[in-house]
Amino acid sequence: MFAYKRTLIAVITLLVGAFSFFLARQFTDNYEFIFWFNVSTLWLAEIFVALSIMTLMKTDQKGMPFQFIPLMVAIAYFIFTLIVPLICLADISNTALVLIHCAGLILAVIAYTFSGMAHQSSVQLEDNQKKSFSARTSFRNDLDYFKMRNDALLTENAELNRKYMKLRDAFQYASDSIPGSEDADSRITDELKVLIGRETPESMEKCIDNLLSLAQWRESVIKNSR
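Bear in mind the structure is a predicted one, so any value in this text is a computation, not a measurement.

Okay, the overall build of the chain next. Along the chain, the regular secondary structure elements total 8 helices and 0 strands. Along the chain, from the amino end to the carboxyl end, the secondary structure elements read α-α-α-α-α-α-α-α. Counting over 226 residues, the chain shows a buried share of 34%. Contacts in the chain between residues at least 24 apart in sequence constitute 73% of all its contacts with a sequence separation of at least 6.

Moving on, we come to the packing of aromatic side chains. According to the stated counting rule, one finds 4 aromatic pairs in the structure shown. Considering the side-chain rings of Tyr77 and Phe80, the 6.1 Å spacing of their centres and the 25° angle between planes classify their relative orientation as stacked. Of this pair, Tyr77 and Phe80 both sit in helix α3 (residues 69–83), 3 residues apart, which is roughly one turn of the helix. With relative accessibility at 3%, the residue Tyr77 sits in the buried group. Taking the relative accessible area as the measure of exposure, Phe80 reaches 24% and is therefore partly exposed. Among the aromatic residues, those joined into a cluster by ring pairs are Phe48, Tyr77, Phe80 and Tyr112. Over the ring of Trp217 we find Arg187; its NZ or CZ atom is 4.9 Å from the centre of that ring.

This part takes up the packing of helix α2 (residues 33–57) against α3. In the contact formed by α2 and α3, the axes pass within 9 Å of each other and the chain directions differ by 165°. It follows that α2 is roughly antiparallel to α3 by the angle criterion. Our pair here, α2 against α3, has a crossing hand that is left-handed. Between α2, through Thr41, Leu42, Leu44, Ala45, Glu46, Phe48, Val49, Ser52, Ile53 and Leu56, and α3, the contact on the second element is made entirely by Pro70, Leu71, Ala74, Ile75, Tyr77, Phe78, Thr81 and Leu82. Split into classes, the residues belonging to the contact of α2 with α3 amount to 14 nonpolar, 3 polar and 1 charged.

Grouped together as the largest cluster of nonpolar side chains are 19 residues, with contacts concentrated most on Phe171, Leu192, Leu195 and Leu211. Contributions of two or more residues to this core are made by α4 (94–149), α6 (158–172), α7 (182–197) and α8 (201–225). Excluding anything up to four places from it in sequence, Leu192 contacts Phe139, Asp142, Leu143, Phe171 and Leu211.

Here the focus is a nonpolar patch on the surface. Together, Ile75, Ile79, Leu82, Ile83 and Leu86 give the surface a local cluster of nonpolar side chains, amounting to about 450 Å² of exposed area. You can see Ile75 is positioned in helix α3. On the basis of relative accessibility, which here comes to 37%, the residue Ile75 falls in the partly exposed class.

This brings us to the side chain of Ser115. In this structure, Ser115 sits in helix α4. Once residues within four sequence positions are removed from consideration, Ser115 is found in contact with Ile69, Pro70 and Val73.

Moving on, we come to the confidence of the model for the chain. For the chain, per-residue confidence averages 77 on the pLDDT scale, and 76% of positions sit at 70 or higher. The weakest mean pLDDT in the chain belongs to helix α1 (residues 2–25) at 68; the strongest belongs to α3 at 86.

A few words now on α6. It helps to recall that an α-helix has 3.6 residues per turn; residues three or four apart then point in one direction. Over its 15 residues, α6 extends 21 Å from the first C-alpha to the last, a length consistent with the 21 Å expected when each residue adds 1.5 Å. Along α6, the residues that are buried comprise Leu160, Lys163, Tyr164, Leu167 and Phe171. In a view along the axis of α6, the buried residues occupy a sector of 105°, so they form one face of it. Residue Asn157 occupies the N-cap position of α6, its side-chain oxygen lying 3.3 Å from the main-chain nitrogen of Glu159.

What follows covers the side chain of His101. Mapped onto the fold, His101 is located in helix α4. What His101 contacts, discounting residues up to four positions off in sequence, is Phe37, Asn38, Thr41, Phe80, Thr81 and Val84.

Moving on: the pattern of salt bridges. In this structure the tally under the stated criterion is 5 salt bridges. In this structure, Glu159 engages Arg162 in a salt bridge whose closest nitrogen and oxygen atoms are separated by 2.7 Å. With a gap of 3 residues between them, Glu159 and Arg162 both fall in helix α6, about one helical turn apart. Among the residues examined, Glu159 registers a relative accessible area of 34% and is labelled partly exposed. Since its relative accessible area comes to 44%, Arg162 is described here as partly exposed. The salt bridge partner of Glu205 is Lys163, with a shortest N-O separation of 3.6 Å.

Thresholds, definitions, all that
- Residues numbered from 1 in each chain as written.
- Predicted model: local features only at pLDDT ≥ 70, side-chain atom pairs only at ≥ 80, totals over all residues.
- Heavy atoms only, no water.
- Helix = DSSP H or I, 4+ residues; strand = E, 2+ residues; numbered from the N terminus.
- Buried < 20%, exposed > 50% of the residue type's maximum accessible area, 1.4 Å probe, protein only.
- Contact = heavy atoms within 4.5 Å.
- Phe/Tyr/Trp six-rings, centres within 6.5 Å; stacked < 30°, edge-to-face > 60°.
- Lys NZ or Arg CZ within 6 Å of the ring centre and 35° of its normal.
- Axes fitted to C-alpha atoms, helices over the stretch in contact; angles between N-to-C directions.
- Parallel < 35°, antiparallel > 145°, perpendicular 65-115°, else oblique.
- Left-handed = near helix turned anticlockwise from the far one by under 90°.
- Nonpolar A, V, L, I, M, F, W, Y, C, P; charged D, E, K, R; others polar.
- Core = buried A, V, L, I, M, F, W, Y, C linked by side-chain atoms within 4.5 Å.
- Patch = residues over 30% accessible without salt bridge, like charges linked within 9 Å, V, L, I, M, F, W, Y side chains within 5 Å.
- Areas by Shrake-Rupley, 256 points an atom, 1.4 Å probe, with all protein chains shown as cover.
- Salt bridge = Lys/Arg side-chain N within 4 Å of Asp/Glu carboxyl O.
- pLDDT = per-residue confidence, 0-100.
- Expected span 1.5 Å × (residues − 1).
- Arc of directions from axis to C-beta.
- Polar contact = N/O pair within 3.5 Å; in protein donor to acceptor, adjacent residues only side chain to side chain.

Here it is, written out as structure tokens:
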């Protein structure tokens, strides 16, 4: 589907480019350097917009609203290339006109680059938040499943229930996952699976003690990584 849309955008861009050339010819009979320079910058802007649209189609709605900024920059540059040829009507040298075009292009590239970096940072932050939410949700879901399986035992054994509630509180207020806490998250997930498989109160208490230690270690890892 994306390949079809990409091809369609490419065809539309070629048609718009041909129309731009035809339209430009209606305003002048002088096909010297400056004419071809203006048309070339217009074609470049059209390609700029087309590539921005293709990039936007691949973002999967991530990094909003930053994903639209590169396209807005490309459209702004396209408008710029439409306006600059009007300066030809004034008494201005070709050198000055070329310099204006170059300055506009440089500004557009700089703005496009920084907006792209902002979008990538936004996507990375969004992915990290999803991973963080996923890890903490997984911890709580595993504990809820453990409680569902052993509700009667937790009711009868006050010490086991106390440790369970302490562990639940530890995960309830756990810090968000960050790059570098993957190992701690993985070890906690593995230990929770072990806890769910335990049958005796003594083995459960031992697993919970291990999980409490892992939770404290995870918090220290996150704190030291910030």
